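Observations on the model geometry
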Amino acid sequence: MSSAFGDFGPLTERRRAEKARQQRRRLMIAGGTVSIVIILIVMGGAAVMYSGKASSDDGDYKKGSSPAKGKSGGGSGSSSSSQPDLKAVSKSIKVMCAQTDYQDACEKSIGKAANASATSPKDIIRTAVEVIGNAVCQAFDRADLIMSNDPRVKAAVADCKEVYEDAKDDLNSTLKGIDAGGKDGLAKQGYQLRLWLSAVIAHQETCIEGFPDGDFKAKVKESFNNGKELTSNALALIEKASSLLSTVKASKRRLLAEEEGAASQTEPALDKDGVPEWVADGERRVLKGGGFKNNLTPNVVVAKDDSGKFKTINEALSAMPKTYDGRYVIYVKEGVYEEYVTITKKMVNVTVYGDGAKKSIVTGNRNYVDGLTTFKTATFTAQGDGFMAIGMGFQNTAGAEKHQAVALLVQSDRSVFLNCRMDGFQDTLYAHSKAQFYRNCIISGTVDFIFGDAAAVFQNCILVLRRPMDNQQNIATAQGRADAREATGFVLQKCEFTAESALRDAGRLAIRNYLGRPWRECSRTLVMESELPDFIDKAGYMPWNNGDFALKTLWYAEYGNTGPGADTSGRVNWPGYKKVISKADAAKFTVENFLHAQPWIDPTGTPVKYDLFT
């Protein structure tokens with residue numbers, strides 16, 4: 001015994017520990033170096049070591065402007081031999097573009113815009129985003145030039161003008177996000193960059209969708225092909241770069257954690273306000289501010305009975321300060337408010353809370369049959385980032401016979417809806433784009449009553465299927481991801497499906513009820529840990545217009561559902577339907593992993609389950 005442990009003493013142990021630490025440091029440096037070399041090889045940056053340093057202006061995209069160019073930063077005494085090699089830059093572009101779905105468009109567009117100072121993968125990725133601007137501008141310009149006396153065409157052109165401004169804003173946000181992130185920018189906020197670019201695709205699709213079927217729509221759709229391809233390419237490059245850089249960073253963090261004897265930390269670093277450190281100063285106020293649990297003191301009160309400062313929500317919004325630090329809270333007292341409300345893009349970090357979803361109600365009846373585009377039928381529109389609604393009801397009372405009639409349209413990034421109710425028939429909730437979280441909400445409707453191209457999680461929600469027209473079926477979701485690179489999709493977690501009495505009275509087989517159908521090519525929906533009753537059709541899903549559109553490219557799956565409607569043995573056999581996925585795959589779509597939401601949900605005080613329930 002003594003001989004076996006004879007060399008085990010305090011001094012020797014310290015020497016062993018020191019030797020182990022040195023070895024771990026060497027492994028960390030070697031591992032990090034190897035990983036970086038792999039990235040440079042994969043991204044094309046290892047072809048040549050450049051001495052030039054790229055720098056650019058603020059990167060804002062404006063109509064008619066050329067993409068921002070980097071400038072060579074050579075100091076005094078630099079020689080021509082130290083300048084970057086254009087052939088090497090071209091080779092790097094070619095290697096990087098090999099990872100995209102539209103390689104020719106990638107090489108041509110970036111090759112024309114890039115210059116000799118595009119010295120790194122980050123520079124080339126930035127150029128890949130810049131070139132989207134001119135392509136999108138040209139497409140929207142073509143739509144703007146359409147002359148027609150058809151009121152629906154005119155309405156579609158008006159939509160295009162509006163969403164073009166949204167597309168510009170999201171492109172600018174992407175460029176600024178790339179610039180602001182520093183050397184680890186792509187690793188820190190790759191998801192957010194992809195979410196902005198996904199919204200750019202959604203805006204292009206919204207312009208196209210507004211036109212009635214026919215020659216105009218076909219021409220507009222064709223004009224956007226280049227813009228959508230370039231956006232897809234930028235998504236691919238950012239996804240690959242951020243994934244690889246995150247792997248390197250995680251490996252370093254793991255080794256450091258082992259050296260310090262601490263657990264590895266995978267969450268983003270937060271400041272004292274609970275806001276991620278990478279968030280730009282201009283956007284920090286969107287995330288900070290007390291949540292409803294800690295601070296529900298309203299800035300203004302809206303009441304129909306004159307007990308508040310304003311009688312309408314629009315009056316309260318008109319009086320809102322142009323600049324406000326923190327969360328701006330509007331209390332809407334009990335009442336039915338017949339008005340059309342828009343929380344504009346400039347109205348960031350607004351909370352609207354009521355006396356309950358069946359007491360404080362915003363209602364309208366705009367609809368498609370009466371001549372409006374779907375985009376313009378919404379009773380309530382939330383555009384400003386960081387929007388939150390608590391205990392509010394949103395209605396569109398147009399009825400099933402009026403077809404598309406939106407109660408709530410959401411474009412707000414990092415938006416939260418808690419204890420709310422959305423009532424309508426066809427197209428009740430338009431979850432248009434960006435990151436959205438719905439908790440304890442009731443959503444009712446008939447055809448595609450939750451639709452759009454957001455990255456949205458519906459947790460502990462109740463979906464109420466209503467009685468449609470006799471020639472219709474009920475479809476709960478119609479997710480609209482148009483490109484497989486987008487960071488979007490619908491996740492229904494721990495939800496319950498129920499039917500209103502009018503539907504039940506029609507008989508179980510009279511109206512077929514489905515979980516979803518694909519609105520666009522790469523539609524993505526996961527129903528997990530939810531209660532599915534027997535009135536859900538055994539096929540589960542239905543095709544779009546009875547054709548084979550999107551059946552190979554969509555991604556639909558289920559996990560951990562219960563109830564008589566959860567039996568997947570009779571489900572569709574489409575190539576894109578995954579049936580029941582594994583727990584590990586389902587975990588990728590939790591609130592934390594899919595929305596990266598803890599930094600922006602926690603400050604609001606919203607109850608949330610970040611992982612799986614089971």
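Here the residue numbers are simple positions, counted from 1 along each chain's written sequence. Residues qualify for local features only when their pLDDT is at least 70, as the model is predicted, and side-chain atom pairs are given and counted only at 80 or more; totals for whole chains, interfaces and linings, by contrast, use all residues. Each side-chain value is derived from all of the structure's non-hydrogen atoms; neither hydrogens nor water enter the calculation.

**A short note on the overall build of the protein**
- Strands here mean DSSP runs of E at least two residues long; helices mean DSSP runs of H or I at least four residues long; both are numbered from the N terminus. When helices and strands are tallied, the protein shows 14 helices and 25 strands.
- Long-range contacts, defined here as pairs at least 24 residues apart, represent 71% of the contacts in the protein between residues at least 6 apart.
- Only carbon and sulfur atoms are counted for the fraction: they give 51% of the accessible area of the protein, which is about 26800 Å². Throughout, a residue-residue contact means that at least one pair of heavy atoms, one from each residue, lies within 4.5 Å. Per-residue accessibility takes into account occlusion by the displayed protein chains alone, with areas from the Shrake-Rupley method and a 1.4 Å probe.

**A closer look at the sheet that holds strand β1 (residues 300-302)**
- Paired strands, as defined in this entry, are two strands with at least two bridges between them according to DSSP. Reading across from one edge, β1-β2-β5-β8-β11-β14-β17-β20-β23-β24-β25 is the order of the eleven strands in this open sheet, with parallel pairing throughout. The sheet is open, and its two edges are formed by β1 and β25 (577-580), each paired on a single side. If you compare each strand with its neighbour and ignore which way they point, the axes differ by 10° on average.
- By the bridge criterion, five bridges tie strand β17 (residues 455-459) to strand β20 (residues 489-493) in an arrangement that is parallel. Within the sheet, the bridge partner assigned to Gln 459 lies in β20 and is Gln 493. Here, axes are lines fitted to C-alpha atoms. For helices the fit covers the stretch in contact, and angles between N-to-C directions go from 0 to 180 degrees.

**With respect to the side chain of Asp 427**
- Structurally, the position occupied by Asp 427 is in the loop between β12 (421-423) and β13 (429-431).
- Partly exposed describes any residue whose relative accessible area lies between the buried limit of under 20% and the exposed limit of over 50%, with all areas from a 1.4 Å probe on protein chains only and scaled to the type maximum. In this charge count, Lys and Arg are treated as positive and Asp and Glu as negative; neither His nor the chain ends contribute. For this document, the term salt bridge refers to a Lys or Arg side-chain nitrogen within 4 Å of an Asp or Glu carboxyl oxygen. Buried and unpaired, Asp 427 has no salt bridge, with Arg 517 as the nearest side chain of opposite charge at 6.9 Å.

**A closer look at the nonpolar core**
- By convention a nonpolar core is built from buried Ala, Val, Leu, Ile, Met, Phe, Trp, Tyr and Cys residues, the set being connected through side-chain atoms within 4.5 Å. Counting residues in each nonpolar core, the largest one holds 67 residues, and the members touching the most others are Ile 330, Phe 417, Tyr 438 and Phe 458.
- Not counting residues within four places of it along the chain, the set of residues in contact with Phe 458 comprises Leu 429, Tyr 438, Ile 443, Ile 450, Phe 490, Val 491, Leu 492, Gln 493 and Cys 495.
- One finds Ile 201, Ile 208, Leu 230 and Phe 375 within the second-largest nonpolar core, a separate group that totals 59 residues.

**Describing the pattern of salt bridges**
- The tally for this structure, following the rule as stated, stands at 26 salt bridges.
- As a salt-bridge pair, Lys 345 and Asp 166 come within 2.8 Å of each other at their nearest N and O atoms. Of this pair, Lys 345 sits in the loop between β4 (341-343) and β5 (350-354) while Asp 166 sits in helix α5 (residues 151-180); the two residues are 179 residues apart in sequence, bridging distant segments of the chain.
- Among the charged side chains, a salt-bridge network with shared partners connects Asp 101, Arg 194, Glu 239 and Arg 485.

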